[in-house]
Amino acid sequence: MKNMILIFMGSVALAPQGTQAQDMEARARAATAASRTKSSDSDAITSNYVNPGLSGEAISTVDNSRTFTTSLACQKSATMLELLVQPGTTGDITHLSIARDSDLDGSFDQNLTLPVPVSGICANGIVSCDPGSWNNCTPFQWDVASSGNLKLTQVPLTDLSACYCVNASCGSNLVLGNLNSVLKDLGGGIIGALTTADPRIGVAQASIEGPVIRYVGAQTTACTASPSLSSTSYRADPTAISGDASASAQASSVFQALAGSASATGKAEVTRSCSIDREISVKSWDYDDILGVAGTVTSTACGTGCRRYQIRGSGTCGSVPPIHTATFDPIAPARIVSARIVEMGADDWVQARVNGQIVGYAGKRPWTGEALPSGDCRISGDPYYNRTAIDITPQLRAGAMTVGARVRAGGDGNWGYVTVEVQVDTACEVSERLVDLCAGYAQDAACRLDSESVDGVTTFANGVNTGLKPLAQTRLIGTGHCTFQYSRDFFERDRRYKCLIDSGELSAPDLSRSAYIIDHSTETLLADRTLSSDGTISTSTRAFSLPDRGTVPACEPICKTRAPSANSDVAISGVVGACQNDPAGWNSFYHSCTADNVCPLGEGEELVTACGCLDDFPEAAVMMQTVRLAGSDLACTAGTP
């Protein structure tokens, strides 16, 4: 009876294997389909996870059986950024307005309308030219002011990337015909500038409605009032990360335990990449960048970097004399060369005041106090002047300064003024520094230089000096009148180091059991060999089988399409398409075919290769090799021999 029971139990256990395998496969396929629905592409991930997570909405699991609400952000804004574009008759974007919720309180607090037309769009800026042409172009980069407001900064075209033309000089109706990509490119450049300036901000694309793109935003990385985070300190000093990492490892008991374990013994060599860049920046200064003036004042130029401000007004004899004032705000105090009161004039009296203090006067009798000067206002006669210069430079450099003209006058000559002369330094500001990200590896005894490329020339390869040296290069830095020519022995070094991260000997693992299983097993028989505690070795065999896996397609069917596209890319010499015999070209696309083996053509696309197992790797390899060899040739032959 006992044997019969065992046989019955074994039958019950073996019977449903095929059914159980089928159930598992069905469940796996269902889970795969549900996962693909939730996260098959970037748009699905954004709408199902990113946007709800940043905006505090509910997120559902893959099978939609449960929902939960995250708390990823301290502050949230359903619309952190809104961008509206409208092209003009010349094809340029003549109206580009930006609304921004900078403090993420749910309402817009910055509205910006670009003062220039947009003729070209870049990944990090715009290009503004004469409407409908590519003449007199000025490149601008998206930037953030010290106050946190978004702005445009004029830069060389080489500071911008992935630029292309959108006005009528490159084609017709380019903006409206490619509106979605235009909005994404403009919005992406702005978002890049904002998140670079404040790393706390997390941004996800929300929606595009006609000529408007809106972004959802949240503060995610730190619940602090300052965008200066400890996690971003290495951006200002990248070389500090090596030392800090080593110090953190030495102080970590977990790291030391792992380093001393059997798994950590042995030798391992890793490759580290780094660069040494020469950064040269040129900043131009205008007078209004250094000093701001407001109030009852008129200004005239008195030379390069010099202006004279006249604070003028009428007076009275029958009541308290009025004080006409102007405020001088030093934006860059270090660039103020001098500030002087160079002249006072009145008919009858004028009294000069700086920050409320009396510093001088002009009149027929002294007026150095708060009381009125002795004598009546004269009705006729010549005016009085005082041209003795009074230095007020320290007061202006110290901060915002007020200058007042207190006027007492009557009759036909009812006026008085104080003239202030301010000279500033508008010379271009140049800074140069070497950003050495390789210092930590160069000083590490466990690291050795494996390869080096200097401005595109390979000077070190596979640990051996090639003997090649790049020619000294000359580059133009800056824009406008602040353009300088610099010749340096190098501008960029790209290096790779090989570093020994472990020491000791790693004992070889015992693979004899796995080798025995592989050598003695068949499709229906599983062989094994085990070692007992007394050192004896025993072998065993047992039957096994794999469930039927069915047929699997040889590949995922894909198709190749193409769509016409004019070459509107921009280089320093101008629009690239203008230098070609025929600027018209093609953009190639690859699509996954549908379940019924149909190629989903996009707008304007035509079929090149029908659905199937396509292999265009040789074509891609040839194109990449062509670009690589062309770049090497340009780097090796450029320059004066």
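Residues numbered from 1 in each chain as written. Predicted model: local features only at pLDDT ≥ 70, side-chain atom pairs only at ≥ 80, totals over all residues. Heavy atoms only, no water.

### Focus: the overall build of the chain
Then, in step 1: Each helix and strand counted, the chain has 12 helices and 38 strands in total.
Then, in step 2: Taking the intrachain contacts of the chain between residues at least 6 apart in sequence as the baseline, contacts between residues at least 24 apart amount to 63%.
Then, in step 3: As displayed, the chain offers around 37,700 Å² of accessible surface, 53% of which is attributable to carbon and sulfur atoms. (Helix = DSSP H or I, 4+ residues; strand = E, 2+ residues; numbered from the N terminus. Contact = heavy atoms within 4.5 Å. Areas by Shrake-Rupley, 256 points an atom, 1.4 Å probe, with all protein chains shown as cover.)

### Comments concerning the state of the cysteines
Then, in step 1: A complete count under the given rule lists 10 disulfides for this structure.
Then, in step 2: The disulfide that involves Cys 129 links it to Cys 137, with 2.0 Å between the sulfurs. Since a negative S-S torsion denotes a left-handed disulfide, the Cys 129-Cys 137 link at about 110 degrees is right-handed. (Disulfide = S-S within 2.5 Å.)

### Quick word on the pattern of salt bridges
Then, in step 1: Summed over the entire model, instances satisfying the criterion amount to 21 salt bridges.
Then, in step 2: Arg 214 is the salt-bridge partner of Glu 209, the closest N and O atoms lying 3.1 Å from each other.
Then, in step 3: Between Arg 496 and Asp 450 there is a salt bridge whose closest N-O contact spans 3.8 Å. Linking Arg 496 in strand β31 (residues 492-500) with Asp 450 in strand β26 (residues 447-454), this pair joins segments that are 46 residues apart in sequence.
Then, in step 4: Accessibility expressed as a relative area gives 5% for Asp 450, which makes it buried. (Salt bridge = Lys/Arg side-chain N within 4 Å of Asp/Glu carboxyl O. Buried < 20%, exposed > 50% of the residue type's maximum accessible area, 1.4 Å probe, protein only.)

### Thoughts on the environment of Arg 496
Then, in step 1: Given a relative accessible area of 38%, Arg 496 falls into the partly exposed group.
Then, in step 2: Sequence spacing of Arg 496 and Arg 448 is 48 residues, and the spatial spacing of their C-alpha atoms is 8.7 Å.
Then, in step 3: Non-local contacts of Arg 496, meaning those with residues more than four positions away in its chain, are made with Thr 271, Arg 272, Ser 273, Arg 448, Leu 449, Asp 450 and Ser 451.

### Thoughts on the sheet that holds strand β34 (residues 558-566)
Then, in step 1: Pairing in this open sheet of 3 strands is antiparallel, and the strands run β37-β34-β38 from one edge to the other. With partners counted over all chains shown, the strands left at the sheet margins are β37 (584-592) and β38 (606-612), one partner each. When strand polarity is set aside, the average angle formed by the axes of neighbouring strands in this sheet is 20 degrees.
Then, in step 2: One ladder, built from 4 bridges, connects β34 with β38; its direction is antiparallel. Counted as the bridge partner of Thr 561 is Leu 607 from β38. (Pairing = 2+ DSSP bridges. Axes fitted to C-alpha atoms, helices over the stretch in contact; angles between N-to-C directions.)

### Section: the environment of Gly 585
Then, in step 1: Looking at where Gly 585 falls in the secondary structure, it is placed in strand β37.
Then, in step 2: Between the C-alpha atoms of Gly 585 and Asn 567, which are 18 residues apart in sequence, the distance is 6.7 Å.
Then, in step 3: Those residues in contact with Gly 585 that lie beyond four places of it in its chain are Ala 563, Pro 564 and Ser 565.

### Focus on the sheet that holds strand β10 (residues 164-165)
Then, in step 1: Spatially, β9-β8-β7-β6-β10 is the arrangement adopted by the 5 strands of the open sheet, whose pairing is antiparallel. Each edge of the sheet is formed by a strand with only one pairing partner; in this case those strands are β9 (150-154) and β10.
Then, in step 2: Contacts between helix α5 (residues 179-197) and the sheet are confined to β6 (120-121), β7 (125-128), β8 (138-144), β9 and β10, with β8 contributing the most and set at about 50 degrees to the helix.

### Re the environment of Asp 286
Then, in step 1: Mapped onto the elements, Asp 286 comes out in the loop between β13 (269-283) and α8 (287-290).
Then, in step 2: Spatially, the C-alpha atom of Asp 286 lies 5.9 Å from that of Thr 426, the residues being 140 residues apart in sequence.

### A few points about the packing of aromatic side chains
Then, in step 1: Tallying each qualifying case throughout the model produces 5 aromatic pairs.
Then, in step 2: Centre to centre, the rings of Tyr 309 and Phe 328 are 5.4 Å apart; their planes meet at 85 degrees, and the pair counts as edge-to-face. You can see Tyr 309 sitting in strand β16 (residues 306-313) and its partner Phe 328 sitting in strand β17 (residues 323-330), a full 19 residues away along the chain. We note that Tyr 309, like Phe 328, is buried. (Phe/Tyr/Trp six-rings, centres within 6.5 Å; stacked < 30°, edge-to-face > 60°.)

### Quick look at the side chain of Lys 38
Then, in step 1: Along the chain, the position of Lys 38 falls in helix α2 (residues 17-39).
Then, in step 2: Despite being buried, Lys 38 has no salt bridge partner; Asp 63 is the closest side chain of opposite charge, sitting 8.1 Å away.
Then, in step 3: Engagement of the side chain of Lys 38 in a polar contact is seen with the side chain of Asn 64, the distance being 3.0 Å.
Then, in step 4: Those residues in contact with Lys 38, other than ones at most four positions away along the chain, are Ala 44, Ile 45, Asn 48, Tyr 49, Ser 60, Thr 61, Val 62 and Asn 64. (Lys, Arg positive; Asp, Glu negative; His and termini not counted. Polar contact = N/O pair within 3.5 Å; in protein donor to acceptor, adjacent residues only side chain to side chain.)

### Here we look at unusual backbone geometry
Then, in step 1: Non-glycine residue Asn 462 carries a positive phi angle of around 55 degrees.
Then, in step 2: Even without a glycine there, the phi angle at Asn 597 is positive, about 65 degrees.
Then, in step 3: As for its position among the elements, Asn 597 is in the loop between β37 and β38.

### Looking at the pairing of β9
Then, in step 1: Here 5 bridges tie β8 to β9, and the two strands are oriented antiparallel to one another. Bridging from a neighbouring strand, Val 144 pairs with Leu 150 of β9.
Then, in step 2: Linking β8 to β9, which pair antiparallel, is a turn of 5 residues; within it Gly 148 sits at a positive phi near 100 degrees.

### Points about the pairing of strand β20 (residues 357-362)
Then, in step 1: Taken together, the 5 bridges between strand β19 (residues 349-354) and β20 define a ladder with antiparallel strand orientation. For Arg 353, the partnering residue across the bridge sits in β20 and is Ile 358.
Then, in step 2: The antiparallel hairpin formed by β19 and β20 contains 2 residues in its connecting segment, where Asn 355 sits at a positive phi of about 55 degrees.

### Some remarks on α5
Then, in step 1: The first and last C-alpha atoms of α5 sit 27 Å apart over 19 residues, in line with the 27 Å expected at 1.5 Å per residue.
Then, in step 2: Among the residues of α5, Leu 179, Val 182, Leu 183, Leu 186, Gly 187, Gly 189, Ile 190, Ile 191, Ala 193 and Leu 194 are the ones counted as buried. (Expected span 1.5 Å × (residues − 1).)

### A word on the confidence of the model for the chain
Then, in step 1: Per-residue confidence for the chain averages 83 on the pLDDT scale, and 86% of its residues sit at or above 70.
Then, in step 2: The low-confidence segment residues 1-17 (pLDDT under 50) makes 0 contacts with residues lying over four places distant or belonging to another chain.
Then, in step 3: Within the model, the stretch residues 635-641 combines pLDDT values under 50 with 6 contacts to residues more than four positions away or in other chains. (pLDDT = per-residue confidence, 0-100.)

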